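# Observations on the model geometry
Listed below, chain by chain, are the residues.
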Amino acid sequence: MFGEGTSTYAEFAVLSAWARMPGGLTFEEAAGYPSVMETALRVIREVGVRPGQTLLVSGASGGVGSAVLQIARDRGITVIGTAGVANQDYLRSLGALATTYGEGWAERVRRLGRVDAALDLAGSSVLRELVDLTGDPHRVVSIADPATAEFGVRFSGTAGSMPEALAETTGLLARGGLRIPVEKSYPLAEAAAAHIESQAGHTRGRRVLIV
Ligand SMILES: NC(=O)c1ccc[n+]([C@@H]2O[C@H](COP(=O)([O-])OP(=O)(O)OC[C@H]3O[C@@H](n4cnc5c(N)ncnc54)[C@H](OP(=O)(O)O)[C@@H]3O)[C@@H](O)[C@H]2O)c1
């Protein structure tokens, strides 16, 4: 089984949502999917992007970004993703157009194409530019910037349906359209290090605790 629960830093924990673990995955890999898939499905729904449109994803190579890019590819949504230099090929491998964040990033995005909707996954103070690029604050959603109200942008923080996320994960994996890498796994005794390294905000895919 794989799924979601509370107090899961424990030898035994009760899951509140679960599904049969997809074949071909290790426990370590499977643990990386549920929460980012739930978040990705939720923000794609909330931002209202449709097949044939272009979605800009700021901070696209983390766990949530990796999930968003692959769900979008499956739905026929074009993605422009931003990440650091080392992750440009990674974003392209997930089907996105890629560019770097930092000085001049919005102009680089403009050169890649028109933007219909945008997600802020990094919380890197880009809401003003995302509203400019989409032309409408209602076409922007953030999961990481506390300044959303200032820009009339929606902050997404209330979890959606985990059973739906597990079903989508299973289906996409079966079609060969999903892979979220585990950048590093840690024994429980190193949980603090896992949090510190995660908070640096440069994880490709997921970090996982092994209990
Ligand atoms: N509200 C919610 O429901 C919810 C749910 C899940 C997560 N979150 C939050 O959402 C954030 C994303 O989580 P995550 O696990 O997907 O990823 P993460 O590890 O925080 O990765 C963030 C991404 O941001 C990029 N990045 C780093 N510095 C940047 C900058 N200055 N400008 C633009 N992009 C930058 C990274 O690229 P490089 O590595 O290439 O530098 C990477 O692609 C976290 O803050 C997390 O706490 C919120």
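Let me begin by describing the structure that accompanies this report. On a predicted model such as this, the values are computed, not experimentally measured, just so you know.

Counting 42 residues, the largest nonpolar core has Leu55, Val57, Val68 and Leu119 as its most contacted members. Where this core is concerned, the elements lending two or more residues are helix H2 (34–47), strand S3 (54–58), helix H3 (63–75), strand S4 (78–83), helix H4 (88–93), strand S6 (117–120) and helix H8 (162–174). In terms of residue count, the dominant contributor to this core is H2 (7 residues). The residues that make up this core include at least three from each of domain 1 (2–35 + 159–210) and domain 2 (46–155). Among residues more than four places away in sequence, those in contact with Leu55 are Val47, Val49, Val68, Ile77, Thr78, Val79, Ile80, Ala117, Ala118 and Leu119.

Once that is clear, we can look at the side chain of Thr54. Mapped onto the elements, Thr54 comes out in strand S3. The contact partners of Thr54, leaving out residues within four places of it in the chain, are Thr78, Ile80, Arg114, Val115, Asp116 and Ala117.

Moving on, we come to the site of the ligand. Surrounding the ligand, one finds 23 residues, the nearest of these being Ser61, Gly84, Asn87, Tyr101 and His202. Within the backbone of Val64, a nitrogen or oxygen atom sits 2.9 Å from an oxygen atom of the ligand. Taking Ser124, its side chain carries an N or O atom lying 3.1 Å from a nitrogen atom of the ligand. Here the ligand loses 73% of its free accessible area of 930 Å² to cover by the protein chains. Only H2 and H3 provide two or more residues apiece to the shell around the ligand. Considering only residue class, the shell around the ligand consists of 9 nonpolar, 13 polar and 1 charged. Summarising the domain contributions, the shell around the ligand has at least three residues from each of domain 1 (2–35 + 159–210) and domain 2 (46–155).

Gaps between atoms show up when a probe of the same size as a water molecule is rolled over them. Scanning the entire structure with this criterion turns up 1 cavity of 30 Å³ or more. Estimates place the volume of the largest cavity at around 30 Å³. The wall of the largest cavity is formed by Glu38, Leu41, Arg42, Arg45, Gly160, Ser161 and Glu164. No other element matches H2, which puts 4 residues into the lining of the largest cavity.

Okay, the sheet that holds strand S5 (residues 97–100) next. Strands in a sheet are paired, the pairing made by backbone hydrogen bonds, and the direction either parallel or antiparallel. Here we have 6 strands laid out as an open sheet, ordered S5-S4-S3-S6-S7-S8, and parallel in their pairing. Each edge of the open sheet is held by one strand with a lone partner, namely S5 and strand S8 (154–155). Sheet analysis places S6 next to strand S7 (residues 140–142), joined by 3 bridges and oriented parallel. Paired with Ala118 across the two strands is Val140, which belongs to S7. Across the face of the sheet, helix H5 (residues 105–112) comes into contact with S3, S4 and S5 while running at roughly 160 degrees to S5.

Parameters at a glance
- By convention here, each chain's residues receive numbers from 1 onward along its written sequence.
- Totals for whole chains, interfaces and linings use all residues, but because this is a predicted model, local features are given only for residues with pLDDT of at least 70 and pairs of side-chain atoms are given and counted only at 80 or more.
- As a rule here, side-chain values cover all heavy atoms of the structure and leave hydrogens and water aside.
- Take the buried Ala, Val, Leu, Ile, Met, Phe, Trp, Tyr and Cys residues and link them wherever side-chain atoms come within 4.5 Å; each set so joined is a nonpolar core.
- For every residue, the accessible area (1.4 Å probe, protein chains only) is compared with the maximum for its type, and the residue is labelled buried under 20%, exposed over 50%, or partly exposed between those bounds.
- Secondary structure follows DSSP: runs of H or I at least 4 residues long count as helices, runs of E at least 2 residues long count as strands, and numbering of each begins at the N terminus.
- Boundaries between domains were set according to an automatic or database domain assignment.
- Residue contacts are defined here by distance: any two heavy atoms, one from each residue, within 4.5 Å place the two residues in contact.
- If a single non-hydrogen atom of a residue is within 4 Å of a molecule or strand, that residue counts as near it.
- Throughout this description, a polar contact denotes any pair of N or O atoms lying within 3.5 Å of each other; where both atoms belong to protein, one of them has to be capable of donating a hydrogen while the other can accept it, and for residues adjacent in sequence the pair is counted only when both atoms sit in side chains.
- All accessible-area figures derive from a Shrake-Rupley calculation using a 1.4 Å probe, and residue coverage is judged against the displayed protein chains alone.
- All amino acids are sorted into three groups, where Ala, Val, Leu, Ile, Met, Phe, Trp, Tyr, Cys and Pro are nonpolar, Asp, Glu, Lys and Arg are charged, and the leftover types, Gly among them, are polar.
- Cavities and pockets are defined on a 1 Å grid built over the protein atoms alone: a cavity is a set of grid points where a 1.4 Å probe fits but cannot escape, while a pocket is an open set with protein on both sides within 12 Å along at least five of seven lines, and lining residues are those with an atom within 4 Å of any such point.
- Grid points are joined across faces, edges and corners, and a volume is the space filled by probe spheres set on the points.
- Criterion used throughout: strands pair if DSSP finds at least two bridges between them.
- Note on method: axes are straight lines fitted to C-alpha atoms, helices fitted across the in-contact stretch only, with angles between N-to-C directions ranging 0 to 180 degrees.

Everything listed is a geometric property; what it means functionally is a separate question.
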